[in-house]
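Given next are the chains, with one letter for each unit.
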Amino acid sequence: MKDLDWNNLGFSYIKTDYRFIAHWKDGKWDEGKLTTDNMLHIHEGSTEIHYGQQCFEGLKAYRCKDGSINLFRPDQNAKRMQHTSDRLLMPRVPTELFIRACKEVVKANQEWLGPYGSGATLYLRPFLFGTGENIGVKTAPEFIFSVFCCPVGAYFKGGLAPSNFITTDYDRAAPMGTGGVKVGGNYAASLLPHELAAEASTPERKFADAIYLDPKTHTKIEEVGAANFFGITKDNKFITPASESILPSITKYSLLYIAKERLGMEAIEGDVYIDQLNQFAEAGACGTAAVISPIERIDDLENGKSYVISKDGKPGPVCEKLYNKLRGIQYGDEPDTHGWVTIVE
Ligand SMILES: *Cc1c(COP(=O)(O)O)cnc(C)c1O
């Protein structure tokens with residue numbers, strides 16, 4: 001194992017030894033291979049640079065108690081990338097190639113994955129983009145699929161800490177646009193609202209990110225920054241918004257499943273109106289990075305209202321249970337009854 005301060009890693013780029021790269025040309029993918037070169041040399045006419053023909057994924061590798069390494073639902077990331085590819089007229093990366101690339105990168109860089117219990121994981125970043133000689137607005141003649149990884153630390157160092165959020169007038173996606181697929185353009189569009197949310201912070205209250213409302217009516221919650229939203233109602237139901245412009249979070253669907261099947265809760269995908277946030281005893285943002293980021297308070301900019309969800313600055317009991325169950329499965333401490341875990345070695 002490398003000599004890193006595993007308990008205090010953040011989320012920043014650290015160059016590891018190997019990354020995987022595969023090329024698509026003349027209608028097919030090559031085998032792909034590992035390389036030590038972390039620089040890409042691409043054509044100046046690449047569609048990804050000019051027209052945003054690109055997408056990415058994010059998942060983690062976890063070190064288990066017995067030293068083995070788990071990936072969590074990599075088949076779902078492969079499927080989501082295929083869905084994104086279809087929307088942007090890019091060739092699909094076959095699930096076999098996607099998972100093999102992830103496994104090879106983890107195996108080749110396992111010295112960079114910290115010990116069990118440190119909270120450190122290997123964050124994998126698969127990405128796909130159009131390249132090759134081109135100038136017109138059309139799909140690229142060639143594509144590159146690559147996966148690299150970085151050691152990252154636990155999102156919350158001292159246990160789950162609730163954060164504040166504020167709504168934004170901006171939309172991250174249009175109703176039939178690209179909100180439901182993982183393309184970089186959605187993130188470019190989110191940089192300004194994120195900055196404005198941070199600037200709205202006061203000495204008493206720090207806003208972690210912007211809450212995006214549904215682009216048609218601006219009355220319903222869609223996403224919390226780059227994470228999905230869920231709430232636990234006062235009568236113990238798990239509710240998460242349903243919309244075509246929400247990016248389908250693998251973490252969210254895993255939590256919904258756990259709420260239903262392991263905690264026996266009613267779990268619903270339905271509308272979450274911003275003016276009905278008082279129905280919630282707990283709420284959270286969810287995604288691979290933090291699993292769950294509990295929500296303390298939401299300020300509704302448009303209507304000048306605020307909703308305090310967590311009153312004591314602590315995560316609620318259901319959030320904590322959901323978090324522990326999901327983390328337990330990821331680290332191999334809880335039984336994996338649904339084949340969510342892929343063992344790397
Ligand atoms: C990636 C992403 C998420 C989280 O998805 P996970 O699969 O849970 O990591 C949520 N919202 C947006 C906009 C995303 O890009």
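This paragraph deals with the overall build of the protein chain. A count of helical and extended segments in the protein chain gives six helices and 18 strands. Relative to the globule expectation of 20 Å for 345 residues, the C-alpha radius of gyration of the protein chain, 20 Å, shows essentially globular dimensions. Principal axes of the C-alpha set define a box for the protein chain whose edges measure 55 × 50 × 40 Å. Residues counted as buried form 52% of the 345 residues belonging to the protein chain. Here the analysis covers contacts within the protein chain between residues at least 6 apart in sequence; of these, 71% occur between residues at least 24 apart. Once the 38 positive and 45 negative side-chain charges of the protein chain are each reduced to a mean point, those two points are 3 Å apart.

In terms of nonpolar packing, the biggest core is built from 34 residues, with Trp29, Leu124, Leu128 and Phe145 touching the most fellow members. Mapped by element, the contributors of at least two residues to this core are strand S1 (19–25), strand S5 (59–63), strand S6 (69–72), helix H2 (74–87), helix H3 (95–108), strand S7 (121–131) and strand S8 (142–152). If you tally residues by element for this core, the top one is H3, at seven residues. Excluding anything up to four places from it in sequence, Leu128 contacts Trp29, Gln54, Cys55, Met81, Ser85, Met90, Pro91, Val93, Phe143, Ile144 and Phe145. In this structure, Ile232, Ile258, Ala290 and Val291 belong to the second largest nonpolar core, which totals 26 residues.

Moving on to the packing of aromatic side chains. Each pair of aromatic rings is reported with the distance of its centres and the angle of its planes. One pass over the full model with this rule turns up 14 aromatic pairs. A centroid spacing of 5.1 Å and a plane angle of 70° characterise the contact between Phe11 and Tyr123, whose relative ring orientation is edge-to-face. Placement of the pair is Phe11 in the segment before S1 and Tyr123 in strand S7, with a sequence separation of 112 residues. The exposure class assigned to Phe11 is exposed, which follows from its relative accessible area of 58%.

Below, the discussion takes up the environment of Ala226. Inspection of the secondary structure assignment puts Ala226 in the loop between strand S11 (221–224) and strand S12 (227–233). Accessibility expressed as a relative area gives 53% for Ala226, which makes it exposed. Between the alpha carbons of Ala226 and Asn186 there is a distance of 9.3 Å; along the sequence they are 40 residues apart.

By nearness alone, 14 residues border the ligand, and Lys182, Tyr187, Ser249, Thr251 and Thr288 come closest of all. Measuring from an oxygen atom of the ligand, one finds a side-chain N or O atom of Tyr187 at 2.4 Å. Within the side chain of Glu223, one N or O atom sits 2.8 Å away from a nitrogen atom of the ligand. Protein burial of the ligand: of its 380 Å² of free accessible surface, 95% is covered by the chains. In a pocket analysis with a 2 Å cut-off to the grid points, the ligand is assigned to the largest pocket. Counting residues per element, the ones that place at least two in the shell around the ligand are S12 and helix H5 (250–261). In terms of residue class, the shell around the ligand is built from five nonpolar, five polar and four charged.

Before going further, it helps to examine H5. Compared with the 16 Å implied by 1.5 Å per residue over 12 residues, the 16 Å span of H5 between its first and last C-alpha is a close match. Three or more residues of H5 are buried, namely Ile250, Thr251, Lys252, Ser254, Leu255, Leu256, Ile258 and Ala259.

Turning next to the state of the cysteines. Applying the stated criterion across every chain, the model contains zero disulfides. Cysteine Cys102 is unpaired, with the sulfur of Cys149 as its nearest cysteine sulfur at 9.9 Å. For Cys102, a relative accessible area of 0% corresponds to the buried category. The thiol sulfur of Cys319 is not disulfide-bonded, and the nearest other cysteine sulfur, from Cys286, lies at 9.6 Å. Of the residues examined, Cys319 reaches a relative accessible area of 0% and is grouped as buried.

The rules we used
Residues numbered from 1 in each chain as written. Predicted model: local features only at pLDDT ≥ 70, side-chain atom pairs only at ≥ 80, totals over all residues. Heavy atoms only, no water. Helix = DSSP H or I, 4+ residues; strand = E, 2+ residues; numbered from the N terminus. Rg over C-alpha atoms; globule rule 2.2 N^0.38 Å. Buried < 20%, exposed > 50% of the residue type's maximum accessible area, 1.4 Å probe, protein only. Contact = heavy atoms within 4.5 Å. Lys, Arg positive; Asp, Glu negative; His and termini not counted. Charge placed at Lys NZ, Arg CZ, Asp CG, Glu CD. Core = buried A, V, L, I, M, F, W, Y, C linked by side-chain atoms within 4.5 Å. Phe/Tyr/Trp six-rings, centres within 6.5 Å; stacked < 30°, edge-to-face > 60°. Near = heavy atom within 4 Å. Polar contact = N/O pair within 3.5 Å; in protein donor to acceptor, adjacent residues only side chain to side chain. Areas by Shrake-Rupley, 256 points an atom, 1.4 Å probe, with all protein chains shown as cover. 1 Å grid on protein atoms, 1.4 Å probe; cavity = no way out; pocket = protein on both sides within 12 Å on 5 of 7 lines; lining within 4 Å. Sits in = over half its atoms within 2 Å of the grid points. Nonpolar A, V, L, I, M, F, W, Y, C, P; charged D, E, K, R; others polar. Expected span 1.5 Å × (residues − 1). Disulfide = S-S within 2.5 Å.

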